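# Commentary on secondary and tertiary structure
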Amino acid sequence: MKKSVLVSGLLLLSVCAEAQFSRHIIRLTDKKGTSSSFTNPSGFLSSKALTRRTRYNINIDSSDLPVSAPYIDSIKKSGAVSIISTSKWLNQVLIRTTDAAALAKITAFPFVKKTEPIAERSQSPLSPVDKFDKEKISEISQPSRIAQTSQDILDYGNTFGQLHIHEGEFLHNAG
């Protein structure tokens, strides 16, 4: 009895844990059904890529073919799914969905090798931190800069320990 409760609890926990992800990588098994062929590489590679491949003697192989359009269509039609991007070299599709039934349907497709949830990106890009306090730097005049070397005029944040090993703050303060 305790064992079945534990197993069902773990199963519920794994479902809840996966439900928090809305982006998933769908790894595909092959590229069957693609409209492109090796006889016409200009249909799926740019002229610059073809010139570069000729110059460096790189053969065109199946990884250069685009992801199979019928596979992408099947993924789109499986439910509330939006395609974010595709990678022809990795033969995978990045999707966004919160529909568990659609994800189960996609996983069951014979052309799907593996599905993996991935974490969301932060919505706002991180703004760079100005580590150089311009007010402190402008207050120190050139002649007194060497006399001030015992006092740090720059904020190194978490990297202070690494810099301090080599006494880098002394060098920065000395100009």
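A short tour of the structure in this document, coming up. (Residues numbered from 1 in each chain as written. Predicted model: local features only at pLDDT ≥ 70, side-chain atom pairs only at ≥ 80, totals over all residues. Heavy atoms only, no water.)

### Overview of the pattern of salt bridges
Close approach of charged atoms lets side chains of opposite charge pair. Taken as a whole and assessed by the stated rule, the structure comprises two salt bridges. For E116, the salt bridge identified is with R27, shortest N-O distance 2.5 Å. Of the two residues, E116 sits in strand 4 (residues 112-118) while R27 sits in strand 1 (residues 23-28), which places them 89 residues apart along the sequence. When its relative accessible area of 28% is taken as the criterion, R27 is described as partly exposed. Residue R53 pairs with D64 through a salt bridge whose shortest N-O separation is 2.5 Å. Here R53 is found in helix 2 (residues 47-55), whereas its partner D64 is found in the loop between helix 2 and helix 3 (69-76), with 11 residues between them in sequence. Neither residue differs from the other here; R53 and D64 are each classed as buried. (Salt bridge = Lys/Arg side-chain N within 4 Å of Asp/Glu carboxyl O. Helix = DSSP H or I, 4+ residues; strand = E, 2+ residues; numbered from the N terminus. Buried < 20%, exposed > 50% of the residue type's maximum accessible area, 1.4 Å probe, protein only.)

### Focus on the pairing of strand 2 (residues 82-87)
Residues in a regular strand point their side chains to alternate faces of the sheet. Of the pairings in the sheet, the one linking strand 2 to strand 3 (residues 92-96) comprises five bridges and is antiparallel in character. Considered in strand 3, the bridge of S82 is made with R96. (Pairing = 2+ DSSP bridges.)

### What to know about the packing of aromatic side chains
Geometrically, a pair of aromatic rings is defined through the distance of the ring centres and the angle of the planes. Inspection of the entire model under this criterion finds two aromatic pairs. Geometrically, the ring pair formed by Y71 and F111 is stacked, given 4.1 Å between the ring centres and 5 degrees between the ring planes. Here Y71, found in helix 3, pairs with F111, found in the loop between helix 4 (100-108) and strand 4; they are 40 residues apart in sequence, far enough to count as distant. Classification of Y71 as buried rests on a relative accessible area of 11%. Geometrically, the ring pair formed by F109 and F111 is stacked, given 5.0 Å between the ring centres and 20 degrees between the ring planes. Look at F111 and you get buried, because its relative accessible area is 9%. Here the aromatic residues Y71, F109 and F111 are joined through ring pairs into a cluster of three or more. (Phe/Tyr/Trp six-rings, centres within 6.5 Å; stacked < 30°, edge-to-face > 60°.)

### Topic: unusual backbone geometry
A positive phi angle, close to 50 degrees, is found at N91, a residue other than glycine. By secondary structure assignment, the location of N91 is in the loop between strand 2 and strand 3. Here E167, not a glycine, exhibits a phi torsion of approximately 55 degrees, which is positive.

### A closer look at the sheet that holds strand 4
Strand order across the open sheet formed by four strands is 2-3-1-4, with antiparallel pairing between neighbours. If you trace the sheet from one side to the other, it starts and ends with strand 2 and strand 4, each paired once. Going from strand to strand, the sheet's axes swing by 20 degrees on average, the running direction of each strand aside. Pairing analysis gives six bridges linking strand 1 to strand 4, with the strands arranged antiparallel. In the strand pairing of strand 4, L28 is matched with V112. (Axes fitted to C-alpha atoms, helices over the stretch in contact; angles between N-to-C directions.)

### Some thoughts on the environment of R23
Tracing the backbone through its elements, the reader meets R23 in strand 1. When the C-alpha atoms of R23 and E116 are compared, they prove to be 8.6 Å apart, with 93 residues separating the residues in sequence. Within the structure, R23 has its side chain in polar contact with the backbone oxygen of A119 (distance 3.0 Å). (Polar contact = N/O pair within 3.5 Å; in protein donor to acceptor, adjacent residues only side chain to side chain.)

### A word on the side chain of S36
Looking at where S36 falls in the secondary structure, it is placed in the loop between strand 1 and helix 2. With relative accessibility at 19%, the residue S36 sits in the buried group. Apart from residues no more than four positions distant in its own chain, S36 is found in contact with F44, L65 and P66. (Contact = heavy atoms within 4.5 Å.)

The quantities given are spatial measurements derived from coordinates; they are silent on function.
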